[in-house]
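Chain by chain, the residues:
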Amino acid sequence: MPQDKPDTENFDLAESPGHLLHRAQQFAAERFMTAMAGAKLTQRQFAVLHATGKKEGLTQTELVKVTGIDRSTLAELVARMVRNGLLEREKLPDDARANAVRLTDDGRALLEAATLGAMEADKAILSALPKNKRASFRETLRRIALTLEKGEEEAQKAKLKAKEKKKKAKKKAKEKAKAKAKKAAKKAKKADKAAKAKEAVSA
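Reading the values: rules and limits
- Residues numbered from 1 in each chain as written.
- Predicted model: local features only at pLDDT ≥ 70, side-chain atom pairs only at ≥ 80, totals over all residues.
- Heavy atoms only, no water.
- Helix = DSSP H or I, 4+ residues; strand = E, 2+ residues; numbered from the N terminus.
- Expected span 1.5 Å × (residues − 1).
- Buried < 20%, exposed > 50% of the residue type's maximum accessible area, 1.4 Å probe, protein only.
- Salt bridge = Lys/Arg side-chain N within 4 Å of Asp/Glu carboxyl O.
- Core = buried A, V, L, I, M, F, W, Y, C linked by side-chain atoms within 4.5 Å.
- Contact = heavy atoms within 4.5 Å.
- Axes fitted to C-alpha atoms, helices over the stretch in contact; angles between N-to-C directions.
- Parallel < 35°, antiparallel > 145°, perpendicular 65-115°, else oblique.
- Left-handed = near helix turned anticlockwise from the far one by under 90°.
- Nonpolar A, V, L, I, M, F, W, Y, C, P; charged D, E, K, R; others polar.

A word on helix 2 (residues 43-54)
So, step 1. For helix 2, which comprises 12 residues, the first-to-last C-alpha distance of 16 Å matches the rise-based estimate of 16 Å (1.5 Å per residue) to within 8%.
So, step 2. Those residues of helix 2 lying buried are Gln-45, Phe-46, Val-48, Leu-49, Ala-51 and Thr-52.

Following this line, the structure appears as structure tokens:
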């Protein structure tokens, strides 16, 4: 039985959770930039600075988990922040493919100012709510974030599982083709041997 078609006519942008979250995020970003007093640092860059400051030497993979920023975006952010002298990277002795990320002196100084900016932005957002609603608001946002992150993790696991399955199927097909070719070669060799034996008897 076909599913009912969504009623797009009655969609209300003003009541859309996605749109409202976007507007709230814009407000937070504007307040953050105002509090930063001209310093060029985005909220995502601040998240990387803060996570690195909390635990120096995290790898980029660990920073992805801590900040919730996707892998490719985080790699670009870290590379840009290294060029700007805010972060530094060093190869791990036990894993040449991974880099430990640390704050530079400039990065540590900017983190202090940026943290004040983040606190000002948070204060402005929460001030729009009654005091008795603020804790539940934080909890709701936390629950949304954790649920979405869990969904992304499951999607990534499913993707890796499908990739591994495809790899195994390809390997199996290759082995099957190799075995088939080997069997055909053996059969041809046997037929050639029988033909030669027949010729020898005829002679």
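Having seen the model, we can carry on.
Points about the pattern of salt bridges
So, step 1. By the definition in use, this model includes 5 salt bridges.
So, step 2. With a closest N to O distance of 2.7 Å, Arg-142 and Glu-139 form a salt bridge. In this pair, Arg-142 and Glu-139 both sit in helix 6 (residues 131-202), 3 residues apart, roughly one turn of the helix.
So, step 3. Looking at Arg-142, the relative accessible area reads 44%, which means it is partly exposed.
So, step 4. Across the salt bridge formed by Arg-143 and Glu-139, the nearest N and O atoms sit 4.0 Å from each other. You can see Arg-143 and its partner Glu-139 sitting in helix 6, 4 residues apart, about one turn around the helix.
So, step 5. Several salt bridges share partner residues, and in doing so they unite Glu-56, Asp-105 and Arg-108 into one network.

Description of the nonpolar core
So, step 1. Counting residues in hydrophobic clusters, the biggest one holds 24 residues, and the most contacted among them are Leu-41, Val-48, Leu-49 and Leu-87.
So, step 2. Of all elements in the fold, only helix 2, helix 3 (60-67), helix 4 (71-83), strand 3 (95-103) and helix 5 (105-126) reach the threshold of two or more residues within this core.
So, step 3. Considering every element that reaches this core, the biggest residue donor is helix 5, with 5 residues.
So, step 4. Apart from residues lying up to four places away in sequence, Leu-41 is in contact with Phe-32, Met-33, Met-36, Phe-46, Leu-49, Leu-86, Leu-110 and Ala-114.

Let's talk about the packing of helix 3 against helix 4
So, step 1. One can describe the packing of helix 3 onto helix 4 by two numbers: an axis separation of 10 Å at closest approach and a directional angle of 115°. With respect to their mutual orientation, helix 3 and helix 4 come out roughly perpendicular. Between helix 3 and helix 4 lies a crossing whose hand is right-handed. In contact with Gln-60, Thr-61, Leu-63, Val-64 and Thr-67 of helix 3, helix 4 contributes Arg-71, Leu-74, Ala-75 and Val-78.
So, step 2. For the contact of helix 3 with helix 4, the class distribution of residues is 5 nonpolar, 3 polar and 1 charged.

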